[in-house]
Amino acid sequence: MKITGYRSLTAFHDWQRPVGDVNGIVESGITEVPVLLLETDGGLTGIGLGLHREIDRLFPAVEGADPRGVATLYDAMLSHVFKSGHAGATFGTIAAVDMALWDLKAKMAEEPLWRTLGAGDRFVSGYASGLCYGLDDAAFAAHYGQWAERGFTAAKIKGGRDLDRDIARLETAREILSRNTSRPALMLDVNEAWNTKQAIRHLAEIAKHVDLTWIEEPVRRWDSAGHARIARAAKTAVATGENLTGLEQYAPLFDAGAVDIVQAGSVWGITHFLRVAMAAHSRGAAGLAGRLQRQPGGARGGGGAEHDRDRGAGLRLSRRVRRGPADRRGRHRAGRPSGSWHRDRRGRGRQCSRRHRLG
Ligand SMILES: [Mg+2]
């Protein structure tokens, strides 16, 4: 089976509430989720999520290849763009393709991806978190109350601008989750909003009120020296890594002893995730957390990662944004309502504008 083309769609995630962190709030609660669909000559389609603006540039690195060689193809993509750099937004495109390749590999093996990856169970331990920075106090408490109903015993909150507000919300989350456990795990994510001395001072104050399991991204993602100083000064674990766009970017943090909880963003791909996990293991780091948002199947109590749990929230695939090289070569014609752009057997493009709904 060979990779023959791609389609690119945009889904809309309706959170039905404001979502965001200290760096910005989406008041409408509607966020875009770019979707990349890799097509094959065997009738299977691989699905990858995340921005992939450079797909035209990256696709030649995988075109015509067997998707089962995903690790080799991942390195081929890195090599393909090496001279101009693979980090940042380019890494997102590599990740979307990588995710679609892994999806194809699992589909070709006729098994779920978690089994292809070697897991023994589809569930993982997780914590409650929902990009709640923009909620008022009542909505915040109601939101975490819903997590508690599902059995969660750990929660992460968003903060970083108002220390008193952050402490009050940690205490609220602790009280709510105490219905499930005598010692809820509590985490604070400030999304790189502090400087080093602020972090040390604020963590000392927080420690007077709650037992913080970890502080996430306390300072800028590249500041290994700052993370290391915080790690030495604070009792809580230091978590970071979800915005690093390349395995090599972790090395300064590891070398400085700056990270206790090694994280990788899900939009950076599965091969990246596996390699970061291996690197973390080699350094004896305590763990690795991904970020998932409303994955099909959801989480059982205490499972999953950062899930939105609002009832009725969902993804809507709606509009064509890009088309593969086959489409540019072929003729445009109105076709069956089966997707956006794709190549037919004779390599001709086909367009569709029908709305699809997922979950
Ligand atoms: Mg985070």
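Everything below is about the structure shown above.
Asker: Could you give an account of the overall build of the protein, with specific residues and numbers?
Answerer: Scanning the protein for helices and strands turns up 11 helices and 15 strands. The buried share of the protein, taken over its 359 residues, is 42%.

Asker: Describe in detail the packing of helix H2 (residues 70-80) against helix H3 (residues 89-108), supporting the description with residues and values.
Answerer: Where H2 meets H3, the closest approach of the two axes is 10 Å, and the angle between their N-to-C directions is 165°. Between H2 and H3, the angle is such that the two are roughly antiparallel. In this structure, the crossing between H2 and H3 has a hand that is right-handed. For the pair H2 and H3, contact is made by Val70, Leu73, Tyr74, Met77 and Leu78 and by Ile94, Val97, Asp98, Leu101, Trp102 and Lys105, respectively. For the contact of H2 with H3, the per-class residue count stands at 9 nonpolar, no polar and 2 charged.

Asker: Requested: an account of the nonpolar core, with residues and values cited.
Answerer: Leu36, Leu38, Val97, Ala100 and Ala155 are the most contacted members of the largest nonpolar core, which has 77 residues in total. It is H3 that provides the largest number of residues to this core, a total of 10 residues. Structurally, this core is a two-domain feature, drawing no fewer than three residues from each of domain 1 (3-115 + 312-358) and domain 2 (137-289). Excluding residues within four positions of it along the chain, Ala100 makes contact with Leu36, Leu37, Leu38, Gly46, Ile47 and Gly48.

Asker: Talk me through the environment of Leu113; I want residue IDs and the actual numbers.
Answerer: The topology assignment puts Leu113 in helix H4 (residues 113-116). Spatially, the C-alpha atoms of Leu113 and Asp103 are 6.7 Å apart, while their sequence positions differ by 10 residues.

Asker: How would you sum up the packing of helix H7 (residues 196-206) against helix H8 (residues 224-233)? Please name residues and give values.
Answerer: In helix packing, the relevant descriptors are the interaxial angle and the interaxial distance, both defined with respect to the helix axes. Direction vectors running N to C along H7 and H8 enclose 20°, while the axes themselves pass 9 Å from each other. When the axes of H7 and H8 are compared, the pair comes out roughly parallel. Taken as a pair, H7 and H8 cross one another with a handedness that is right-handed. Across the interface between the two elements, Thr196, Ala199 and Ile200 of H7 pack against Gly226, Arg229, Ile230 and Ala233 of H8. Here the contact of H7 with H8 is built from residues that sort into 4 nonpolar, 2 polar and 1 charged.

Asker: Hey, could you go over the pairing of strand E5 (residues 45-49) for me, with residue numbers and the actual values?
Answerer: As paired elements, strand E4 (residues 30-40) and E5 share 5 bridges and run antiparallel to each other. Counterpart to Val35 in the pairing with E5 is Leu49. Counting the residues in the hairpin turn of E4 and E5 gives 4 residues, including Gly43, whose phi is positive at 90°.

Asker: Got a sec to walk through unusual backbone geometry? Specific residues and values, please.
Answerer: If you check the backbone angles, Gln16 has positive phi at about 60° while not being a glycine. Examined against the element boundaries, Gln16 turns out to sit in the loop between strand E1 (3-14) and strand E2 (19-21). A positive phi angle, near 50°, is found at Leu131, a position not held by glycine. Exposure remark for Leu131: the 22 C-beta atoms within 10 Å place this residue in the buried category.

Asker: Could you give me a rundown of helix H6 (residues 163-177), with the residues and numbers involved?
Answerer: Counted at 1.5 Å a residue, the expected span for H6 with its 15 residues is 21 Å, and the 21 Å between its end C-alpha atoms agrees. Here H6 has its buried residues at Asp166, Arg169, Leu170, Ala173, Ile176 and Leu177. What you see down the axis of H6 is that its buried residues fit within an arc of 130°, all on one side. Elements in contact with the buried residues of H6: helix H5 (137-149), strand E6 (154-158) and strand E7 (185-189).

Asker: How would you explain helix H10 (residues 270-282) if you had to name every residue and give the values?
Answerer: Compared with an ideal rise of 1.5 Å per residue, which puts 13 residues at 18 Å, H10 spans 18 Å between its outermost C-alpha atoms and is within 8% of the ideal. Where H10 is concerned, the buried positions are Ile270, Thr271, His272, Phe273, Val276 and Ala280. Backbone geometry just downstream of H10 places Gly284 in the positive-phi region, at approximately 70°.

Asker: Explain the environment of Ile3 to me, using residue names and the numbers behind them.
Answerer: Here Ile3 shows up in strand E1. By the C-beta count within 10 Å, which is 23 here, Ile3 ends up buried. Placed 41 residues apart in sequence, Ile3 and Leu44 show a C-alpha to C-alpha distance of 9.5 Å.

The rules behind each value
- Residues numbered from 1 in each chain as written.
- Predicted model: local features only at pLDDT ≥ 70, side-chain atom pairs only at ≥ 80, totals over all residues.
- Helix = DSSP H or I, 4+ residues; strand = E, 2+ residues; numbered from the N terminus.
- Buried ≥ 20, exposed ≤ 12 C-beta atoms within 10 Å, placed from the backbone.
- Axes fitted to C-alpha atoms, helices over the stretch in contact; angles between N-to-C directions.
- Parallel < 35°, antiparallel > 145°, perpendicular 65-115°, else oblique.
- Left-handed = near helix turned anticlockwise from the far one by under 90°.
- Contact = placed C-beta atoms within 7 Å.
- Nonpolar A, V, L, I, M, F, W, Y, C, P; charged D, E, K, R; others polar.
- Core = buried A, V, L, I, M, F, W, Y, C linked by C-beta atoms within 7 Å.
- Domains from an automatic or database assignment.
- Pairing = 2+ DSSP bridges.
- Expected span 1.5 Å × (residues − 1).
- Arc of directions from axis to C-beta.

Structural measurements only, silent on function.
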